[in-house]
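# Survey of secondary and tertiary structure
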Amino acid sequence: MLKITKIFNNNAILAENEHGTELVILGKGISFNKKVGDLANEQAIEKTFSLNKSIFATHLTEILSEIPPQYFRLTHRIIKHANRLLGTELSNNIYVSLTDHIYHAVERLRHQQPIQNGLSYEIQRLYKKEFAIGQYAVQLINREMNVKMTDDEAGFIALHIFNARTDSEMPETYRTMQIIKDILAIVGYHFNLVLDPNDFDCGRFITHLQHFSQRLFSNQEIPNFGDDFLYQQTRKAYPDVYQCVEKINKYLVKNFDKTLNQDEQLYLAIHIQRIIRK
């Protein structure tokens, strides 16, 4: 038995169960023809969050109270679409982060202050499914809110989806994307090449950089060749590649106070050599 204590919108209420536990409850039309004090229609429930057990639920009530309900409805539709497409349940935190993001993105557009996404191309390459969800979200938002979002915004939304799928934090995800973009630029500039992210070897390199960046900042040890002879031989065979690796090392030291060990240099060198040999 769930007694309604507050109605946020047609699809979200605050209710109390028979044990006195407060719950944020989501469900299509759950508050239709209801008022405070009525019993909730339990057949309409899609998700519940206990205020007694979750800081997230407290933040969710703040979002539901402060932001117009149509933004939360958009988020709910996007999350349901994402769950179907990805075949998984996204972290609950996205109900707060994405609703807040969409609201402020629309407000910026209406004040002609859009934000460009300098990582859009890398996001499309690394997170294809998430980016497709971002594009779906942009089409939905443009239609419902009468604005003109672009693929820049689809990229931002894709990162929210990725974070909710992997329980990552946005600053770390942005940092990883920036490192990938910068290292690709270093390699391209050093060899005077235009790298093709759709090339198989370049794609493998980008995936390696993604995991490399995550290891670098979590202080994980990378798989160890343990072979100084191989390192020395490749260094002699590909001196120009190792000059490029040294530039990457200087970049990491300057910007993140991180340095490459011998094995990390060897991994990067092998990937770079695969790309430039073509």
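Residues numbered from 1 in each chain as written. Predicted model: local features only at pLDDT ≥ 70, side-chain atom pairs only at ≥ 80, totals over all residues. Heavy atoms only, no water.

Looking now at the sheet that holds strand β2 (residues 12-16). The strand order across the open sheet formed by four strands is β1-β2-β3-β4, and the pairing between neighbours is antiparallel. A single partner strand is all that each edge strand has here, and the edge strands are β1 (3-9) and β4 (47-50). On average, each strand axis in the sheet is inclined to that of its neighbour by 25°, with strand direction left out of account. Alignment of β1 against β2, held across five bridges, turns out to be antiparallel. Among the inter-strand pairings, Asn9 is bridged to a residue of β2, identified as Ala12. (Pairing = 2+ DSSP bridges. Helix = DSSP H or I, 4+ residues; strand = E, 2+ residues; numbered from the N terminus. Axes fitted to C-alpha atoms, helices over the stretch in contact; angles between N-to-C directions.)

Take the packing of aromatic side chains next. Each pair of aromatic rings is reported with the distance of its centres and the angle of its planes. Under the counting rule described, the total for this entry stands at six aromatic pairs. Geometrically, the ring pair formed by Tyr71 and Tyr103 is edge-to-face, given 5.1 Å between the ring centres and 90° between the ring planes. On the criterion of sequence distance, the pair formed by Tyr71 in helix α2 (residues 69-86) and Tyr103 in helix α3 (residues 94-110) is long-range, its members being 32 residues apart. Of the residues examined, Tyr71 reaches a relative accessible area of 2% and is grouped as buried. Three or more aromatic residues joined by ring pairs make a cluster, and in this case those are Phe217, Tyr251 and Phe256. Over the ring of Phe217 we find Arg175; its NZ or CZ atom is 3.7 Å from the centre of that ring. (Phe/Tyr/Trp six-rings, centres within 6.5 Å; stacked < 30°, edge-to-face > 60°. Buried < 20%, exposed > 50% of the residue type's maximum accessible area, 1.4 Å probe, protein only. Lys NZ or Arg CZ within 6 Å of the ring centre and 35° of its normal.)

We now examine unusual backbone geometry. We note that Asn33 has phi near 60°; this positive angle belongs to a residue other than glycine. Even without being glycine, Asp257 reaches a positive phi, approximately 55°. Mapped onto the fold, Asp257 is located in the loop between α10 (239-256) and α11 (262-276).

Summary: where empty space remains is shown by rolling a probe the size of a single water molecule over the atoms. Within this model, the largest pocket holds a volume of roughly 260 Å³. Those elements that place two or more of their residues in the lining of the largest pocket are α1 (55-66), α3 and α6 (151-166). Among the residues forming the lining of the largest pocket, the class breakdown is five nonpolar, seven polar and two charged. What the second largest pocket holds in volume is close to 180 Å³. Counting residues per element, the ones that place at least two in the lining of the second largest pocket are α6, α7 (170-191) and α8 (200-218). Considering each element in turn, the lining of the second largest pocket owes the most residues, five residues, to α8. (1 Å grid on protein atoms, 1.4 Å probe; cavity = no way out; pocket = protein on both sides within 12 Å on 5 of 7 lines; lining within 4 Å. Points joined across faces, edges and corners; volume = space filled by probe spheres on them. Nonpolar A, V, L, I, M, F, W, Y, C, P; charged D, E, K, R; others polar.)

One pass over the full model with this rule turns up seven salt bridges. Among the ionic pairs, Glu89 bridges to Lys47, the shortest N-O distance being 3.8 Å. Taken together, the positions of Glu89 in the loop between α2 and α3 and Lys47 in strand β4 put the pair 42 residues apart, joining distant regions of the chain. Of the residues examined, Glu89 reaches a relative accessible area of 55% and is grouped as exposed. Arg165 is the salt-bridge partner of Glu130, the closest N and O atoms lying 2.6 Å from each other. You can see Glu130 sitting in helix α5 (residues 128-145) and its partner Arg165 sitting in helix α6, a full 35 residues away along the chain. Its relative accessible area of 3% is what places Glu130 among the buried residues. When salt bridges with common partners are traced through the structure, they connect Arg77, Arg143 and Glu144 into a single cluster. (Salt bridge = Lys/Arg side-chain N within 4 Å of Asp/Glu carboxyl O.)

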